[in-house]
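Residue-level structure breakdown
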Amino acid sequence: RAMAMLAEDEAIVNAMQGLAEAEAMAKLKGFVAALGGDAPLRETGFGLAGAVKCLKARSVVTHGVMDALQQGLENKKNNRLREAVCVAVECLVLVLKGSFEPFAVKLLPAVTMKISDKVKEVQPAAAAAFAAIMTNLSVHGVYAALPVLGRGLQNRESQWQSKVKALDAIRASIGKAKLQVSRCTAQIVPAVIESLTDTKGDVQQAAKACLTAIGKELINSPEMVAMVDPMVMAIIDPLNHNTSCVEKLMDVTFMNPIDRPCLSILVPVLQKALKEKRVEYKRRALLVVGNICGLVINSKELIAYSEHVLPELELCVRDSNPEMRSYGATAMAAFLRGMAPDHLQEKLSTLTEDITKLQQSMVSHDEIVKVKAEQELKDLILQCSNESTKQHHTEEDIAADLERLKIEAEKKQKDETAEWAAAEAKRMKVENVEVGDMSEVAKRDVAAAEHAIKMAEQKKVQDVEDKKAAKIAAEAEKQRQLKKFQDQQAAAMMKHKQAKKKK
C-alpha cells in the first residue's frame, strides 16, 4: 500500500512538469486555495510541490506560497488548514529537497510547535513534516536549524511533545553533522540544560540523553570525556553532585585542548561552584578555571561564556577573604588572558600583580585610598574585559592598541615613580630628617628609583627577546628533528625496497 501511495505521489508531481508556465501558475494558485479544503491532503500537497518544482523554488515567495503556509500554521481556528499545511510542508521537502531548505528552516519553529497541537489529527502531520525537514537537511542546514530548535526549547509556550522531538533531533544530528553541532553548542546546550528541570519526565530523559551524547561524542579530550557523566549529574542535581564533580576536576591532569562542546558543559558546573558560600568550594572552582583557560586554543570559544563567568570572578576578586581575593585575581587574569588576542598578552601578563596591588590598597585605613583603589580595580577589570572580548581586530586596531599600550606603560612607570617619591618623602618626614638633608637624600633616592625602574624595564624587554629567541630555536630544533626523522624513514624505505628487489 505504501508503494502504491508513493507511485501515486510521484505521478502527481510528474504530471505538473510538462505544463506551460501560465498553466502551472494557475495550478499553483488552485492548490494554495485548496489547502484546508475537502480534497485529499497528500494529493493537494504533492500537487502544490509539483507546481512549485515546475516554476522553480523562487515561486514559493513570488506567488505567495510561503505566506500562505505561515498563515495556515498560525491559524488557530481552522484545524483542517493547520493539518493540510503540515502535510504540504512535508510534500514540499520531499519533492524539492535542498532547494526548499531555507524555507523549511524558516517554517521549522511553527511546525515544531504544532507537534503538540491540541487537535490530535494535526499532531502526526506536524511530526511527519518535522521528521522530513530534519532528515533532508544538509550539514549547513543543520547549522542553521539547531539554534532554532534551541530557542524553541526555551519558549514558554512549547509543550512536552515538541520538546522531546526537538531534543531527539539534536541528538540525531550529531552523527550527521558533528562539526556543525559542535559549533552550535554554545547556543543549544543552555536550552538542553534548561530542559533537564522540565516538569515532564519524558523531557528530562530526552534532555539527559541529548546532553550526554553531546559530551561523549563531541568532546575531543579523552580525560574530559571520562568526566561527562559526573558533569551531567552535577548539572541535574547540583546540590548533591556539584561539589564532588569539582573535586574530580581538580584531580584531572589536562593533557589535551579544551574545545567548545567541553566548555558548554563544564562552564555551568563551574558557574554553580563559584556561587557557593563556602570558601573551600569556591577555591577549587577558581583553581579549575585557572587550569583550563590556558588549554583553550581558540579565544573566541571563551568569549561566549564571559558574561556568565566574569561577574562571578569579579565578586571573588572583591571578596572580604584575603585568600579568596588572591585566588580570584589569579583566575581572573587567566580567564582574561585566555580570551585576549596575541598582541594584548604582554599587557595581561602583569594583570595578577596589578590586581593584587589594588586589592592591598582596598583594605587601607585611608578612606580616600580605599575608594580610589576600588574604582581603579573596577575600571581595570572593565577595560581588560572589553579588550579581551573584542572578536574582530583589523591591522589598524592592532596598531592603535599597541600605541595605546605603550602610552599606558609610560604613564604607569611615571605613576610608580611618583608614588615611590611620595612614600619616601612621607617616610623621611616621619623620621624628622632635616629639610635640607631630606631634599638631597630624596633627590638621590628618586634618581636611584628611576634607575631601578629603567633597569627593570630593560630586563623585561630582554626577557621578551630571550623568549622569542628560545621559541625560534625550539622551532628550528623541531624542524631539524623532523627532517632527521624523514631522512631516516626515507633511508629505511629505500633499504626495504632494495631488499625486496634483491629477494
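Just so it is clear, the model here is predicted, and its values are computed rather than measured.

Ranked by internal contacts, the top residues of the largest apolar core, which has 133 residues, are Leu69, Phe100 and Met224. With 12 residues, the top contributor of residues to this core is helix α6 (residues 79–96). Setting aside residues no more than four positions away along its own chain, Met224 makes contact with Ile219, Met231, Leu249, Phe254, Ile258, Cys262 and Leu266.

With that out of the way, let us pick up the packing of aromatic side chains. Applying the stated rule across the entire model yields one aromatic pair. Measuring from ring centre to ring centre gives 5.7 Å for Phe100 and Phe103, while their planes differ by 40 degrees; the resulting arrangement is tilted. Classification of Phe100 as buried rests on a relative accessible area of 1%. Look at Phe103 and you get buried, because its relative accessible area is 16%. The aromatic ring of Trp160 is capped on one face by Lys200, whose charged end is 4.8 Å from the ring centroid. Between the NZ or CZ atom of Arg278 and the centre of the ring of Tyr281, over which it lies, the distance is 4.8 Å.

Attention now goes to the side chain of Asp117. Considering the arrangement of structural elements, one finds Asp117 in the loop between α7 (101–114) and α8 (122–136). With a relative accessible area of 9%, Asp117 lands in the buried category. At 3.0 Å, the side chain of Asp117 and the side chain of Arg82 are in polar contact. Beyond its immediate stretch of four places on either side in the chain, Asp117 contacts Arg82, Val122 and Gln123.

Attention shifts here to the pattern of salt bridges. Scanning all chains against the criterion turns up 10 salt bridges. Between Asp229 and Lys216 there is a salt bridge whose closest N-O contact spans 3.2 Å. Of this pair, Asp229 sits in helix α14 (residues 228–236) while Lys216 sits in helix α12 (residues 201–218), placing them 13 residues apart in sequence. For Asp229, a relative accessible area of 39% gives the class partly exposed. Relative accessible area serves as the criterion here: at 40%, Lys216 is assigned to the partly exposed category.

The terminal C-alpha atoms of helix α20 (residues 322–339) lie 26 Å apart, and with 18 residues this matches the ideal 26 Å at 1.5 Å per residue to within 8%. Along α20, the residues classified as buried are Met324, Arg325, Gly328, Ala329, Ala331, Met332, Ala333, Ala334, Phe335, Leu336, Gly338 and Met339. Its side-chain oxygen placed 2.8 Å from the backbone nitrogen of Glu323, Asn321 serves as the N-cap of α20.

Turning next to the environment of Thr199. One can find Thr199 in the loop between α11 (178–195) and α12. The sequence separation of Thr199 and Trp160 amounts to 39 residues, and the corresponding C-alpha distance is 8.9 Å.

A separate point is the confidence of the model for the protein. In this model, the protein carries an average pLDDT of 81, and 82% of its residues clear a pLDDT of 70 or more. Helix α1 (residues 2–17) is the least confidently modelled element of the protein, averaging 56 in pLDDT, while α12 averages 93, the highest of any element. Confidence over residues 1–5 falls short of pLDDT 50; this stretch has one contact with residues more than four positions distant or in other chains. Note on residues 433–438: pLDDT under 50 across the span, and five contacts to partners over four residues away in sequence or across chains.

How each quantity is defined
Residues numbered from 1 in each chain as written. Predicted model: local features only at pLDDT ≥ 70, side-chain atom pairs only at ≥ 80, totals over all residues. Heavy atoms only, no water. Core = buried A, V, L, I, M, F, W, Y, C linked by side-chain atoms within 4.5 Å. Buried < 20%, exposed > 50% of the residue type's maximum accessible area, 1.4 Å probe, protein only. Helix = DSSP H or I, 4+ residues; strand = E, 2+ residues; numbered from the N terminus. Contact = heavy atoms within 4.5 Å. Phe/Tyr/Trp six-rings, centres within 6.5 Å; stacked < 30°, edge-to-face > 60°. Lys NZ or Arg CZ within 6 Å of the ring centre and 35° of its normal. Polar contact = N/O pair within 3.5 Å; in protein donor to acceptor, adjacent residues only side chain to side chain. Salt bridge = Lys/Arg side-chain N within 4 Å of Asp/Glu carboxyl O. Expected span 1.5 Å × (residues − 1). pLDDT = per-residue confidence, 0-100.

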